[in-house]
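If you want the building blocks of each chain, they are given just below.
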Amino acid sequence: MSDDDVEQFETADSGASTTYPMQAGNVRKGGFMVIKGRPTKVIDVTTSKTGKHGHAKCHFTATDIFTGKKVEELVPSSHNLEVPLVNRDDYTLVDLNDEGFLGLMDDSGNVREDLKLPSGHDEAEALARQIQSQFDEGKELILTVLKSMGEEQVNASKEAPKQD
């Protein structure tokens, strides 16, 4: 290999998968699954009986965890489907700038300023307005951030408990 043949790597992640397989019959209401390449939360599951051609089928109704869009999927219960790895972290809101970027501090005192107020659908817009108004009132807020499949978004807010 000459000096010109340097390998270029496009990503710097650990190469760990963002999903894992699970048999369709084992996914329950309230669980997570991937539908059309998006992480979703299952809101309803119905299972049909085995027909004359074999497999029982699971009919999933779910909502995208980032956009709130409702989606459906029909899968034979014995087949595998992808389940996203979903991380939920709580942060204390320490700053909210004019562009909508949040200053979030974790339990260790590390501050990150790379997330914006939630947007993209009605629930997210309402949450963003609630966070903005409570921050303007001077309330201390704890924000819950969901992270899955390379995306992150604030999905809940609560007032920090009063410290005596």
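Everything numeric here is computed off the predicted structure, so don't read it as measured data.

**A closer look at helix 1 (residues 122–136)**
Over its 15 residues, helix 1 runs 21 Å from end to end, which matches the ideal 21 Å to within 8%, given 1.5 Å per residue. The elements touched by buried residues of helix 1 are strand 7 (86–96), strand 10 (141–148) and strand 11 (151–159). Residue glycine 138 follows helix 1 closely and has a positive phi angle near 85°.

**Notes on the pairing of strand 7**
Note on strand geometry: in a regular strand, side chains alternate between the two faces of the sheet. Bridge count between strand 7 and strand 10: seven bridges; the pairing is antiparallel. Of the residues in strand 10, the one forming a bridge with aspartate 90 is threonine 144. Pairing geometry for strand 7 and strand 8 (residues 101–105), over four bridges, is antiparallel. Residue aspartate 95 lies in a different strand from strand 8, and its bridge partner there is glycine 103.

**Things to note about the pattern of salt bridges**
The tally for this structure, following the rule as stated, stands at six salt bridges. Measuring nitrogen to oxygen at the nearest pair gives 2.4 Å for the salt bridge that ties arginine 38 to glutamate 151. With arginine 38 in strand 3 (residues 38–47) and glutamate 151 in strand 11, this residue pair connects regions lying 113 residues apart in the sequence. Beyond isolated ion pairs, a larger network of salt bridges with shared partners links Arg38, Asp64 and Glu151.

**Notes on the environment of threonine 46**
Checked against the element boundaries, threonine 46 lands in strand 3. In the structure, threonine 46 is positioned 13 residues away from histidine 59 in sequence and 5.2 Å away in space, judged by C-alpha atoms. Among residues more than four places away in sequence, those in contact with threonine 46 are Lys57, Cys58 and His59.

**Things to note about the side chain of arginine 112**
One can find arginine 112 in strand 9 (residues 111–116). Polar contacts involving the side chain of arginine 112 include one to the side chain of aspartate 114, which spans 2.9 Å. With residues up to four places along the chain from it excluded, the contact list for arginine 112 reads Tyr91, Leu102, Gly103, Leu104 and Glu152.

The rules we used
Residues numbered from 1 in each chain as written. Predicted model: local features only at pLDDT ≥ 70, side-chain atom pairs only at ≥ 80, totals over all residues. Heavy atoms only, no water. Helix = DSSP H or I, 4+ residues; strand = E, 2+ residues; numbered from the N terminus. Expected span 1.5 Å × (residues − 1). Contact = heavy atoms within 4.5 Å. Pairing = 2+ DSSP bridges. Salt bridge = Lys/Arg side-chain N within 4 Å of Asp/Glu carboxyl O. Polar contact = N/O pair within 3.5 Å; in protein donor to acceptor, adjacent residues only side chain to side chain.

Purely spatial values, then, with no claim about function.
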